[in-house]
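# What the coordinates show
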Amino acid sequence: EKMFLSIVEGKTVKDLMIIPTDESYEINILSNSYILLMNKSLNVAYMIDPKNSDNPLQAYVTNIKKFSWLNDSLLYWNDHEINVYHVPSKTKQTIERTSEKINNASWHNGLVSIFAIINGQLKIFEFDNRDKRNVLNYQDLGLLENNNATICFSKNSEEIYTNFNTNDKQGIYRLTIQ
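Residues numbered from 1 in each chain as written. Predicted model: local features only at pLDDT ≥ 70, side-chain atom pairs only at ≥ 80, totals over all residues. Heavy atoms only, no water.

## Describing the overall build of the chain
Spelled out, the test is: The helix count covers DSSP runs of H or I at least four residues long, the strand count covers runs of E at least two residues long, and both are numbered beginning at the N terminus. A 1.4 Å probe rolled over the protein chains alone gives each residue an accessible area, and that area as a share of the maximum for its type sets the label: buried under 20%, exposed over 50%, partly exposed in between. For accessible areas, the Shrake-Rupley method is used with a probe of radius 1.4 Å. Any residue's cover is judged against the shown protein chains and nothing else.
When its secondary structure is counted, the chain shows 0 helices and 17 strands. Classification of the 178 residues of the chain by burial places 42% in the buried group. Surface summary for the chain: the accessible area is close to 10600 Å², and the carbon and sulfur share equals 45%.

See the structure below:
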């Protein structure tokens, strides 16, 4: 069964496209300009600019389980791939493709970097326009092999926090970024 994805403003209804009928849609506000409508069961998302009456659908993203937003770029990942979608240029960039499980990923606000936890190891991807991307394998944390490992940064972005979970312990790692 299908339904219309529509933008309603006042009494005006604009149909964008037909999407699968599903109860697992989640709405996320990305910024003042963009909304991400995500279907968790199908791992797809629709990036919408509701203020753009001519072309409100900005992107259709597939293979998305989780995401992070920064400066008009969508960092998104699934169990084996990390990608970035740049809204202004409408381009997709693959950051990492691996056979190992990607637990989580996040933009670093102060650096041009992406931090990811892949199979219990913290990896830092330099994200710039040079011809070769540097990847730093920071540390084998070993304790982060659970699916719920999160990445958070301190307000000054000088420390990273991530949780761990083993058979007999739970806690938080604090790592200083230098």
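## So, the sheet that holds strand S10 (residues 91-97)
Put simply, the rule reads: At least two DSSP bridges between two strands are needed for those strands to be called paired. Helix axes use the C-alpha atoms of the stretch in contact, all axes being lines fitted to C-alpha atoms, and the angles between their N-to-C directions lie in the range 0 to 180 degrees.
On the basis of which strands lie adjacent, the open sheet formed by 4 strands has the order S7-S8-S9-S10 and antiparallel pairing. With one partner strand each, in any of the chains shown, strand S7 (66-70) and S10 form the two edges of the open sheet. Ignoring strand direction, the axes of neighbouring strands in this sheet form an average angle of 20 degrees. Looking at chain direction, S7 and strand S8 (residues 73-77) are connected through 5 bridges and run antiparallel. Paired with Leu70 across the strands is Ser73, a residue of S8.

## Side note on the packing of aromatic side chains
Worth spelling out the cut-off: Whether two aromatic rings pair depends on their centres lying within 6.5 Å, for rings of Phe, Tyr and Trp, where Trp uses its six-membered ring; planes under 30 degrees apart make the pair stacked, over 60 edge-to-face, and the rest tilted.
Counted under the stated rule, the structure contains 2 aromatic pairs. Ring geometry for Tyr46 against Tyr60: centres 5.3 Å apart, planes inclined by 45 degrees, an arrangement best described as tilted. Of this pair, Tyr46 sits in strand S5 (residues 44-48) while Tyr60 sits in strand S6 (residues 57-62), and the two are 14 residues apart along the sequence. Residue Tyr46 is classed as buried on the basis of its relative accessible area, which comes to 2%. Overall, Tyr60 belongs to the partly exposed group, its relative accessible area being 46%.

## As for the environment of Met17
With respect to the element layout, Met17 can be found in strand S2 (residues 12-20). Once the C-alpha coordinates of Met17 and Met3 are considered, the two residues, 14 residues apart in sequence, prove to be 8.5 Å apart.

## So, the side chain of Ser73
Put simply, the rule is: Polar contact is defined as a pair of N or O atoms within 3.5 Å, subject to the rule that within protein one atom must be able to donate a hydrogen and the other to accept it, and that residues adjacent in sequence are counted only when both atoms are side-chain atoms. For this analysis, residues touch if any pair of their heavy atoms sits within 4.5 Å.
Tracing the backbone through its elements, the reader meets Ser73 in strand S8. What makes Ser73 buried here is its relative accessible area of 9%. Of the polar contacts made by the side chain of Ser73, one reaches the side chain of His86; its length is 3.1 Å. Here Ser73 is in contact with Ser68, Val84, Tyr85, His86 and Trp107, once residues within four sequence places are set aside.

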